[in-house]
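Tertiary structure, described
Each chain, letter by letter, is given below.
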Amino acid sequence: MSDPGQTPPQGSPSPTPEDVRANKAVAAIAYLLFFVPLIAANHSRFAMYHANQGLMLLLALIACNIVLGLIPLLNLLLVPLAHLVCLVFCVIGMMNAINGDMKPLPLIGRIEIIKHP
């Protein structure tokens, strides 16, 4: 039975409580190094979901740096603002992982690149 706080990704069942309990730390690390769950817990639906979220966060930050870096003068304000937003999303994602939730990050969380088992 799934926790009411969990919202699994569309079209996939929620992970087992044992999966969540065993992979909380790996899932939280995914927001700093998205590839750690790919190596350490590639069998875990929970860890792979958070690895996907971490990868999307990294790609969004890279895109913001490239696009906003092209705008003269405004980039002095917008790039640090994008980094601050990324930091906030990172904290939100880590807290979701630590609490055992599969909630998508705002704006970018519904995109799925890494498929879970």
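Rules used throughout
- Residues numbered from 1 in each chain as written.
- Predicted model: local features only at pLDDT ≥ 70, side-chain atom pairs only at ≥ 80, totals over all residues.
- Heavy atoms only, no water.
- Helix = DSSP H or I, 4+ residues; strand = E, 2+ residues; numbered from the N terminus.
- Expected span 1.5 Å × (residues − 1).
- Bend = angle between axes of the 7 residues up to and from the residue.
- Buried < 20%, exposed > 50% of the residue type's maximum accessible area, 1.4 Å probe, protein only.
- Contact = heavy atoms within 4.5 Å.
- Core = buried A, V, L, I, M, F, W, Y, C linked by side-chain atoms within 4.5 Å.

**Comments concerning helix α1 (residues 17-29)**
If you check α1, its first and last C-alpha atoms are 19 Å apart, about what 13 residues at 1.5 Å a residue would give, namely 18 Å. Maximal helix bending in α1 amounts to about 60°, located at Asn-23. Of the residues making up α1, those classed as buried are Asp-19, Val-20, Asn-23, Val-26, Ala-27 and Ala-28. Along its buried surface, α1 packs onto α2 (36-40), α3 (45-69) and α4 (75-98).

**What about the nonpolar core?**
The biggest cluster of nonpolar side chains holds 15 residues, and the ones touching the most others in it are Tyr-31, Phe-46, Leu-57, Ala-97, Leu-105 and Ile-108. Secondary-structure elements contributing two or more residues to this core are α1, α3 and α4. What Phe-46 contacts, discounting residues up to four positions off in sequence, is Pro-15, Asp-19, Val-20, Asn-23, Lys-24, Ala-27, Ala-97, Gly-100, Asp-101 and Met-102. Within the second largest apolar cluster, five residues are counted, among which are Met-48, Ala-51, Leu-55 and Ile-114.

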